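# Observations on the model geometry
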Amino acid sequence: MLKTLDQLQQLRLEDGRTVACTSPAEARMLWGEMSTDGFYRLAAALLRPGDIALDIGANIGLSAMMFADTCPGVRVIAAEPAPATFDCLQRNMGVHVPDGVALQVAVGTAPGSAPFTWYPRASANSGLYADRAADDEATEIYLRNSGLDDEAIALITAGLHEGERMDVEVTTVSAILREHGPTAEVGLLKVDVERAELDVLLGVADTDWPRIRAVVAEVHDREDRLAQCCALLRRHGLLARTRQDPSLTGTELHEIYAVRPETV
């Protein structure tokens, strides 16, 4: 059964704010990622008041909160398809990003609908291309790299990626921009969609690329996807660089940060 809002939990952040979440442990980890000086922070530092920050794969809205915190006056548009996760996103943005827009939708190459797998215990790993074996393996490697022993890893990962399947609406970046920001500059396109990242980038119309100043994306490097994403971004005039967090060494997970040369 999908969690309803009254079954959801809360986490008190270090700054005293409270957020709705499906898993306090996961939310604490995600907020920790927002607090480090990684690519998300670099990209957020380039935002200007009046910009759109387009948060694709927003989960419960912690990245949306960080963008709004970093640049007061930015308009955050956040997309998340899973109902329980979206409930948290909508509530958190209502309290902490009041000028933002929360959309219950997945984002891909074309509008339509598609099957989506939601992991109740690991919502950030949910997606259109969920792969339980691969997600288990990546989590095990991450935990081992973080210093945990096999017994602790087995305890944490048991049933972690038991998913619930549902059909979700799919739209494109360009369709979102037409409805919610037809003329505004996109200071940041953030993409964290668990193997659908190339789909999201391919769903940006050629006419919209010139107003996107920066892109930050998590990429699962299967079938040369990292190189394909970088090539697409460079084709549209952005300088792209990549990194892999040491805790993810041995997994397919990488990050891309791409900006227009004039913003560097």
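The paragraphs below set out a description of the structure included in this document.

## Details of the nonpolar core
For soluble globular proteins, the rule of thumb is that nonpolar side chains tend to be buried together. Membership of the largest hydrophobic core comes to 83 residues, with the highest contact counts inside it found for Ile56 and Leu189. Looking at this core element by element, the count peaks at six residues for helix α3 (residues 62-70). Once residues lying within four places of it in the same chain are set aside, the contact partners of Ile56 are Ala79, Val107, Val173, Ile176, Leu189, Lys190, Val191, Asp192, Val193 and Val200.

## Considering the packing of helix α1 (residues 24-34) against α3
At a closest axis distance of 9 Å, the pairing of α1 and α3 adopts a crossing angle of 30 degrees. Between α1 and α3 lies a crossing whose hand is right-handed. Between α1, through Ala27, Leu30, Trp31 and Met34, and α3, the contact on the second element is made entirely by Leu62, Ser63, Met65, Met66 and Asp69. Its residues assigned to classes, the contact of α1 with α3 comprises seven nonpolar, one polar and one charged.

## Details of the state of the cysteines
A covalent bond between the sulfur atoms of two cysteines is referred to as a disulfide. Going through the model one piece at a time under the given rule, you end up with zero disulfides. This cysteine, Cys88, is not joined by any disulfide, and Cys21 carries the nearest cysteine sulfur, 6.3 Å off. Overall, Cys88 belongs to the buried group, its relative accessible area being 0%.

## Some words on the sheet that holds strand β4 (residues 75-79)
Strand order in the open sheet formed by seven strands is β5-β4-β3-β9-β10-β12-β11, with mixed pairing between adjacent strands. On the outer flanks of this sheet lie β5 (101-103) and β11 (239-243), each paired with one strand and no other. Neighbour to neighbour, the strand axes of the sheet diverge by 15 degrees on average, direction disregarded. Sheet topology places β11 next to strand β12 (residues 253-259); five bridges connect them, and they run antiparallel. In the strand pairing of β12, Arg243 is matched with Glu255. Along the sheet face, α3 touches β3 (52-56), β4 and β9 (186-191) and points at about 165 degrees away from the line of β3.

## Points about the pairing of β9
Of all six residues making up β9, six are buried, and the element is well covered by its neighbours. In this structure, β3 lies alongside β9, joined through five bridges in parallel fashion. What sits directly across from Ile52, in β9, is Val186. As paired elements, β9 and strand β10 (residues 214-220) share three bridges and run parallel to each other. Residue pairing for β10: Val191 is matched across the bridge by Ala217. Crossover handedness for the path β9 to helix α8 (residues 197-202) to β10: right-handed.

Rules and cut-offs
- Residues numbered from 1 in each chain as written.
- Predicted model: local features only at pLDDT ≥ 70, side-chain atom pairs only at ≥ 80, totals over all residues.
- Heavy atoms only, no water.
- Core = buried A, V, L, I, M, F, W, Y, C linked by side-chain atoms within 4.5 Å.
- Buried < 20%, exposed > 50% of the residue type's maximum accessible area, 1.4 Å probe, protein only.
- Helix = DSSP H or I, 4+ residues; strand = E, 2+ residues; numbered from the N terminus.
- Contact = heavy atoms within 4.5 Å.
- Axes fitted to C-alpha atoms, helices over the stretch in contact; angles between N-to-C directions.
- Left-handed = near helix turned anticlockwise from the far one by under 90°.
- Nonpolar A, V, L, I, M, F, W, Y, C, P; charged D, E, K, R; others polar.
- Disulfide = S-S within 2.5 Å.
- Pairing = 2+ DSSP bridges.
- Right-handed = clockwise from strand over helix to strand, strands pointing away.

Distances and angles like these do not, on their own, reveal function.
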